Amino acid sequence: MAASMAATQQRLALGAKQATFGPAVAPRSAKANASAKRFNGLVAEAMSSCIPVVSSSRRTAAARAPLPARSSVVAQATADGKFDYDLVIIGCGVGGHGAALHAVECGLKVAVIEGHDIGGTCVNRGCVPSKALLAASGRVREMRDKAHLSAMGVQVGAVSFDRAGVAAHAKDLASNIQGNLKRSLESIGVDILTGQAKFVGPQKVRYGLPGRVDIGGEVTARDIIIATGSVPFVPPGIPIDGKTVFTSDHALKLEWLPNWIAIIGSGYIGLEFSDVYTALGTEVTFIEAVDNLMPGFDREIARLAQRLLINGRPIDYHTGVIASKVTPGVPGVKPVVIELTDFKTKEKVDEIEVDAVLVATGRAPYTNGLNLPAIGSATDRRGFVPVNEKMQVLDTAGKVVPHVYCIGDANGKYMLAHAASAQGISAVENICGRPHVVNHLSVPAACFTHPEVSFVGVTQERAEELAKEQGFKLGVSKTSFKGNSKALAEKEGDGMAKMLYRKDTGEILGVHIIGLHAADLIHEASNAIATGQRVQDIKFCVHAHPTLSEVLDELFKGAHVEGPAAAGNGAAKAAAAPKAAVAAA
Ligand SMILES: Cc1cc2nc3c(=O)[nH]c(=O)nc-3n(C[C@H](O)[C@H](O)[C@H](O)COP(=O)(O)OP(=O)(O)OC[C@H]3O[C@@H](n4cnc5c(N)ncnc54)[C@H](O)[C@@H]3O)c2cc1C
Ligand SMILES: NC(=O)c1ccc[n+]([C@@H]2O[C@H](COP(=O)([O-])OP(=O)(O)OC[C@H]3O[C@@H](n4cnc5c(N)ncnc54)[C@H](O)[C@@H]3O)[C@@H](O)[C@H]2O)c1
């Protein structure tokens, strides 16, 4: 599984390289982009329109911007002549894309049906453009940090940036990567069908675009994967005007930089945008329903994150409150008014005025319109498609619907891009008759702030509960970036890593990192969990010096397993290695 995932990623990287050096490079200037749009309907509509948001009271059924692209494809039947395709994937975000690549590798005849833009949220309105904004604004922050630079003997003059240039970087990157994804599918013979798809019966899907008789059709497939993703969730009482009150969909366009922005929600999106905004000179006020900021993170890591990412920056916060009513303003003329209500008592506690509001309160599945009753299924009350651990869709009685799978944000298991892709690969494995289950506890997560925060597995709070429930002794090992030569050379000693493990078996339960390049560092831990490596084994692995990865090396070496498991295989393997090397020589 890890190998096929890596292979998929390699193909993605290859696609990117081809686009960079090959003839199909997307133009970078705004003018050139404009002309490219005329030829690439997929890109054009994606970039110029906003997707619907889900309000808690009403699901916006408004059609996504129409995608004038390919009309219906006349498919040649599968080998047995029974179906048009072996596999049809509804939705071509990163989940659908990953599944399609793996399915072709497994010899299946595949079509994807995409209703809006290839690449979905991640490429067009998520991971990719947000990381471009973080990269550019992070550079501004770094170059303006005179104290940090002068401590290394470096002086810089005034540092300026061009907002439109930063925005163009994000837009161009998304457009490039969207093109790469599309080409990577076309090059291996995946049919890309355009339109919103819905079930019209078992193993049969109809797709099309409102008002476009030239686009659409009906296809049959032996297996179908639903990969329709998610859209921003907006709580009641918050009207989105896209100008002064907006979601990440609008914020990523960086159309203006308010002097003061309130960010509702201090999760991934809130934190990453606070990093972008404060680096570019905007003051931030967090409004968080829970009593502490970053409630989804391990408490100790969240406290340090608060010190590093919040306290030293122009950020204040209100916790334990919700924005019960928001009245949009007019940019530069009239402020936005936010009524704050105590989350527990429901009493109005305050009113604040800001220039803009970013709503970052989670995401809702985009699953309406799929017509699940046609296959005997229905979404749960939050709109997620119910699945079992093999990603097979369940019917209203909880039984497996044959030949239908759901992956990614639409099933709500873990709303991350790489989780969607891993689930897609897993579903294809199951379709091919090789039973497979994704271990979500080995799926890493990262927040790309400066410094980054990353983790895999459970928090310390959850690990303590597990230790009590299951009667084992919990081990906690910690290291600091302050003792790491590479981090100190970079004058980036702020940060820590923490590992939670079972003292009796050495099983790794969770690893949390905050510090320079934490998002890259976490993979040694996530791979260890995925492959069942234990502390007593991994502590014998050798890390290059001086590297940040030694933060993890120390973390593993600092762990102590007790009892019979303590010796592990590591010592034995380490002792055997020289003999093996001699034998090989
Ligand atoms: C601002 C932001 C930043 C993010 N950053 C990261 C990050 O750094 N790392 C990370 O791992 N995750 C990140 N995420 C989350 C990540 O984007 C999602 O988890 C991921 O995109 C989910 O992939 P998916 O394939 O399930 O769905 P999506 O990417 O949402 O794709 C679903 C696709 O299905 C299409 N579709 C929907 N209904 C139909 C239909 N009926 N017929 C045909 N097509 C349909 C949609 O148009 C869409 O293209 C971020 C999200 C946001 C909003
Ligand atoms: N780096 C990444 O991997 C990355 C980056 C961005 C987004 N994402 C994904 O996108 C999804 C959405 O991100 P997000 O930050 O919107 O959601 P989130 O679930 O990470 O955080 C939402 C926050 O909003 C708070 N909240 C909810 N309702 C509220 C209300 N009415 N008033 C005040 N606070 C409220 C919650 O307590 C929580 O802290 C996440 O599931 C995440 O997986 C990932």
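If you're wondering where the values come from, they're calculated on a predicted model, not measured in any experiment.

Definitions and limits used
- Along each chain, residue indices are assigned from 1 in the same order as the chain's sequence is written.
- Here every chain gets a letter starting at A, and every ligand a number starting at 1, in the order they are written.
- Confidence filtering applies because this is a predicted model: local features only for residues at pLDDT of at least 70, side-chain atom pairs given and counted only at 80 or more, and all residues used for totals across whole chains, interfaces and linings.
- Excluding hydrogens and water, the side-chain values take into account all heavy atoms of the structure.
- UniProt positions are given in the numbering used here, feature names are shortened, and annotations may be inferred rather than shown by experiment.
- Every helix listed is a DSSP run of H or I at least four residues long, and every strand listed is a run of E at least two residues long, numbered separately from the N terminus.
- We call a residue near a molecule or strand as soon as one heavy atom of that residue lies within 4 Å of the molecule or strand.
- For the purposes of these results, a polar contact is taken to be a pair of N or O atoms within 3.5 Å, where, inside protein, one atom must be able to donate a hydrogen and its partner to accept one; residues adjacent in sequence count only when each atom of the pair is a side-chain atom.
- With residues, only the protein chains shown are counted as cover, and all accessible areas are computed by Shrake-Rupley using a 1.4 Å probe.
- When residues are sorted by character, Ala, Val, Leu, Ile, Met, Phe, Trp, Tyr, Cys and Pro go into the nonpolar class, Asp, Glu, Lys and Arg into the charged class, and all the rest, Gly among them, into the polar class.
- As a rule, the C-alpha atoms of each element are fitted with a line to give its axis, helices using only the stretch in contact, and angles between N-to-C directions run from 0 to 180 degrees.
- Two helices crossing with the near one rotated counterclockwise from the far one by less than a right angle form a left-handed crossing, whereas a clockwise rotation gives a right-handed crossing.
- Any two residues whose heavy atoms approach within 4.5 Å at even a single point are treated as in contact.
- Strands qualify as paired when DSSP identifies two bridges or more between them.

*Asks:* It is not clear to me how the UniProt feature "domain: FAD/NAD(P)-binding" (unreviewed entry) in the chain should be interpreted in this structure. Could you clarify?
*Replies:* Annotation from UniProt places "domain: FAD/NAD(P)-binding" (unreviewed entry) at residues 85-424. Between the end C-alpha atoms of residues 85-424 the distance is 17 Å, and the span holds 30% helix and 30% strand.

*Asks:* Is there a simple way to explain the site of ligand 2 in this structure?
*Replies:* The immediate surroundings of ligand 2 are formed by 24 residues, with Glu272, Glu288, Gly362, Met415 and Ala446 found nearest. Glu288 is positioned with one of its side-chain polar atoms (N or O) 2.6 Å from an oxygen atom of ligand 2. Ala289 is positioned such that a nitrogen or oxygen atom in its backbone is 3.1 Å from a nitrogen atom of ligand 2. Expressed as a share of its isolated accessible area of 840 Å², the protein-covered part of ligand 2 is 78%. Among the secondary structure elements, those contributing two or more residues to the shell around ligand 2 are α10 (268-279), β11 (283-288) and β13 (321-327). At three residues, α10 tops the list of elements feeding residues into the shell around ligand 2. Here the residues of the shell around ligand 2 are counted per class, giving 15 nonpolar, five polar and four charged.

*Asks:* Quick question: what am I supposed to make of the UniProt feature "active site" (unreviewed entry) in the chain here?
*Replies:* UniProt's entry tags His545 with the feature "active site" (unreviewed entry), counted in the numbering of this structure. Here His545 is to be found in the loop between α16 (535-538) and α17 (550-557). One polar contact links His545 to Glu550, side chain to side chain, over a distance of 2.8 Å.

*Asks:* What should I look at first to understand the packing of helix α6 (residues 127-144) against helix α8 (residues 163-186) in this one?
*Replies:* Two packed helices can be described by the angle between their axes and the distance between those axes. Between α6 and α8, whose axes approach to 8 Å, the crossing angle comes to 145°. As α6 runs across α8, the sense of the crossing is right-handed. Here Val128, Pro129, Ala132, Leu133 and Ala136 of α6 come into contact with α8, specifically with Val166, His169, Ala170, Leu173, Ala174 and Ile177. Grouping the amino acids of the contact of α6 with α8 by side-chain chemistry returns 10 nonpolar, one polar and no charged.

*Asks:* In this structure, what is going on with the site of ligand 1? I would like to understand it.
*Replies:* Taken together, 40 residues sit near ligand 1, with Glu114, Thr121, Lys131, Ala197 and Ala417 positioned nearest. For ligand 1, an oxygen atom lies 2.9 Å from a polar atom in the backbone of Ala417. Here ligand 1 loses 95% of its free accessible area of 990 Å² to cover by the protein chains. Listed by contribution, the elements that provide at least two residues to the shell around ligand 1 are α4 (94-105), β3 (110-114), α5 (120-125), α6, β5 (196-201) and α12 (417-431). Per-element tally for the shell around ligand 1: the top contributor is α5, with four residues. Here the shell around ligand 1 is built from residues that sort into 16 nonpolar, 17 polar and seven charged.

*Asks:* Can you walk me through the sheet that holds strand β15 (residues 348-354) in this structure?
*Replies:* With antiparallel pairing, three strands are arranged side by side in an open sheet as β13-β14-β15. Sheet topology places β13 and β15 at the edges, where each strand pairs with a single neighbour. Averaged over neighbouring strand pairs, the angle between their axes works out to 25° when direction is ignored. Alignment of strand β14 (residues 336-342) against β15, held across six bridges, turns out to be antiparallel. Across the sheet, the residue bridging to Leu340 is Asp350, located in β15.

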